[in-house]
Every structure is written in C-alpha cells, then in structure tokens.
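Structure at a glance
Listed below are the residues making up each chain.
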Amino acid sequence: MERHSLRPKEIVKGPVLPRSFYARPTIEVSRGLLGKVLQHDGAAGIIVETEAYLGGDDLASHSAVGITPRTRVIFGPPGHAYVYLSYGMHECLNIVAETDGKPGCVLIRALEPVAGLDEMRARRPAARTDRDLTSGPGKLTRALDITRAHNGVDMTRGSLTVHRPEHQQPFEIEVTKRIGITKCPDLPLRFLIRGNPFVSK
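Small disclaimer: the values here were computed from a predicted structure and weren't measured.

The next thing to look at is the overall build of the chain. In terms of regular secondary structure, the chain is built from four helices and 10 strands. Element order for the chain, N to C, with α for helix and β for strand: β-β-α-α-β-β-β-β-β-α-α-β-β-β. In terms of C-alpha radius of gyration, the chain reaches 15 Å, essentially the compact-globule figure of 17 Å for 201 residues. Reported as C-alpha extents along the three principal axes, the dimensions of the chain are approximately 40 × 35 × 30 Å. Across the 201 residues that make up the chain, the buried fraction comes to 52%. A separation of at least 24 residues holds for 65% of the contacts in the chain among residues at least 6 apart in sequence. Mean positive and mean negative side-chain charge positions of the chain (28 and 22 charges, respectively) differ by 2 Å.

Attention now goes to the pattern of salt bridges. Within this structure, the stated rule accounts for 17 salt bridges. Ionic pairing is found between Glu28 and Arg24, a salt bridge with its closest N-O pair at 3.7 Å. A relative accessible area of 26% means that Arg24 is categorised as partly exposed. Between Asp186 and Lys177 there is a salt bridge, and its shortest N-O distance comes to 3.7 Å. Through salt bridges with shared partners, one network takes in Glu49, Glu51, Arg109 and Arg190.

Turning our eyes to something else, we now look at the packing of aromatic side chains. With the rule as written, the count across this model stands at two aromatic pairs. A ring pair is formed by Phe21 and Tyr22, whose centres lie 5.2 Å apart and whose planes are at 80 degrees; its orientation type is edge-to-face. The two residues Phe21 and Tyr22 agree in class, both being buried. Their ring planes at 35 degrees and their centres at 5.5 Å tell us that Tyr82 and Tyr84 sit as a pair that is tilted. Assessed through its relative accessible area of 2%, Tyr82 is described here as buried. Of the residues examined, Tyr84 reaches a relative accessible area of 15% and is grouped as buried. Taking the ring centre of Phe21 as reference, the NZ or CZ of Arg24 above it sits at 4.6 Å. Lying over the aromatic face of Tyr53, Arg178 brings its terminal NZ or CZ to 4.5 Å of the ring centre.

Quick look at the confidence of the model for the chain now. Any region with low pLDDT has predicted coordinates that should not be read closely. When the pLDDT values of the chain are averaged, the result is 91; 93% of them are 70 or greater. The low-confidence segment residues 1–10 (pLDDT under 50) makes 35 contacts with residues lying over four places distant or belonging to another chain.

Further remarks concern the side chain of Ser135. For Ser135, the location among the structural elements is in the loop between helix H3 (117–123) and helix H4 (137–143). A distance of 3.2 Å separates a polar atom in the side chain of Ser135 from a polar atom in the side chain of Arg131. Only 3.4 Å separates the side chain of Ser135 from the side chain of Lys139, close enough to count as a polar contact. Not counting the four nearest positions on each side in its chain, Ser135 is found in contact with Arg109, Ala110, Phe198, Val199 and Ser200.

Here we take up unusual backbone geometry. When glycine is set aside, most residues are seen to have a negative phi, and most peptide bonds are trans. Non-glycine residue Glu98 carries a positive phi angle of around 70 degrees. Tracing the backbone shows Glu98 in the loop between strand E6 (90–96) and strand E7 (104–115). A residue is classified by how much of its surface remains accessible, and Glu98, at 11% relative accessible area, is buried. For Cys184, which is not a glycine, the phi torsion comes out positive at approximately 50 degrees. The residue Cys184 is located in the loop between strand E9 (170–176) and strand E10 (190–193) in this model. With a relative accessible area of 23%, Cys184 lands in the partly exposed category.

Core analysis: the biggest nonpolar cluster contains 39 residues, and Leu33, Leu38, Leu93, Ile108 and Val162 have the highest contact counts within it. Those elements that provide at least two residues to this core are helix H1 (19–22), strand E4 (43–54), strand E5 (81–86), E6, E7, H4, E9 and E10. If one sorts the elements of this core by residue count, E4 sits on top with five residues. Counting residues in each nonpolar core, the second largest holds 11 residues, with Tyr53, Val73, Ile74 and Tyr84 among its members.

Moving on, we get to the side chain of Glu98. For Glu98, the side chain forms a polar contact with the main-chain nitrogen of Thr26, separated by 2.9 Å. When residues no more than four places from it in sequence are discounted, the contact partners of Glu98 are Tyr22, Ala23, Arg24, Pro25, Thr26, Pro78, Pro103 and Gly104.

Rules used throughout
Along each chain, numbering runs from 1 in the same order as the chain's sequence is written. Per-residue local features of the predicted model are confined to residues with pLDDT of at least 70, and side-chain atom pairs are confined, for both listing and counting, to 80 or more; whole-chain, interface and lining totals are unaffected and use all residues. Processing note: side-chain calculations cover all non-hydrogen atoms of the structure and skip hydrogens and water entirely. Numbering of helices and strands starts at the N terminus; helices are DSSP runs of H or I of at least 4 residues and strands are runs of E of at least 2. For the radius of gyration, the atoms used are the C-alpha atoms, and the globule rule reads 2.2 Å times the number of residues raised to 0.38. Each residue is placed in one exposure class: buried if its accessible area under a 1.4 Å probe, protein chains only, is under 20% of its type's maximum, exposed if it is over 50%, and partly exposed if it falls in between. Only heavy atoms enter the contact rule, under which two residues are in contact if any of them lie within 4.5 Å. Asp and Glu count as negative and Lys and Arg as positive, but His and the ends of the chain are not part of the count. A charged residue contributes its charge at one atom only: NZ of Lys, CZ of Arg, CG of Asp or CD of Glu. Take a side-chain nitrogen of Lys or Arg and a carboxyl oxygen of Asp or Glu: if they are within 4 Å of each other, that pair is a salt bridge. Classification of ring pairs rests on two measures: the distance between centres of Phe, Tyr or Trp rings, Trp counted by its six-membered ring, which must be within 6.5 Å, and the angle between planes, read as stacked under 30 degrees, edge-to-face over 60 and tilted in between. Should the NZ of a Lys or the CZ of an Arg lie within 6 Å of a ring centre and within 35 degrees of the ring normal, that charge is described as sitting over the ring. pLDDT measures how confident the predictor is about each residue, on a scale from 0 to 100. Polar contacts, as used here, are pairs of N or O atoms within 3.5 Å; protein pairs need one atom able to donate a hydrogen and one able to accept it. Residues neighboring in sequence count only if both atoms are side-chain atoms. The definition of a nonpolar core used throughout is a set of buried Ala, Val, Leu, Ile, Met, Phe, Trp, Tyr and Cys residues joined through side-chain atoms within 4.5 Å.

Shown next, in the form of structure tokens:
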C-alpha cells in the first residue's frame, strides 16, 4: 500500500506540474495525480480519484480506434487536456500521458473542493451537499466550468492547470476496477484516496 501525504484543510497551491510529470507511463501518472490540485476559473479541488486508459489492447480507451479527429490529442504531447462528451450529457476531463505519439490518458473522476466553493455551488445548483459538487467526472467539470472548448489545451500553462500542494499528510491509495464501462471492465486501473468521502460512488 503506497503512502503519500495530503492536508486538505490547509491546502495551498504549489508549482504547476511540468510536462515531464505527464511524460511517463499512464498508470504512474494516474497514481501520481492523486493529492494534486486541479484548478480553473477561480475554483480548485484536490484530485481524489482517477482512472487510467491505456493504448494497445485497452478497448475501453478511445485511442483503441486509432488516430481520428477526436482522438488525435491522445496521441499528441503529454500534459494536454482531452475533454469529451459522455452519454450525450457529461463532459469529462482527461489528461494525456505517455510520450508524444504513444496513446494514454487519465480520467479525473473526483475532486475534494478546496477553493471557489461559491462559484461551484452556482454552477451546480442541483448539488445538495458540498460532497456532491465534484464527486464524479461530469460533476467536477461543471463545477469548475471545464468544457469541450478546453479539449487540446496545454495544462502545463494557462488557466486550466494541476499543481503540487504545498502541505500534505499521509494517505493510502486504493486500487479497484474501473466503473461505468463495458469493455475491459476487470482491469485494476481505478485509483482513489482510501477513505476520502469525496470519491464517486
């Protein structure tokens, strides 16, 4: 069981993650993003749940069909956003991993809100509690105002970025099967902060 550190109530954004952070195997990036701070448009949250989507035989990955206008960004430089519409309703944020030309991306599944909660509540009026603001991939994009207009943007600069936190305390990583998919459903590629109440259900 890996131990990392996280102090949600004292979180302060540190430096933006560099491209080299993402230019690694997708699973490493997916695990490494836990505890980091995703921020956009006055709101921010600690990443508490991710899923890895690999190239090759991972049929659940959009890259399995090869390079198309939709998937081209997944095959491009690491550290860019891949945003798509799921079930015609929910926009989902992925971050491209691996080296340029090799497909792989990480779905951001849940956040623990730490900044801009008033903005999040205004964008997610249906959320009954703060826990419900960002406890799912479609919820968090709406709360942080992330849309398909951000598809392809460079997340190592600009307004949509991921930061190292300045203060952390230990947490454990739990590994499970990915959820909500029908292809390759048994691969252990979902990573979450064990016991965190903001993970998706």
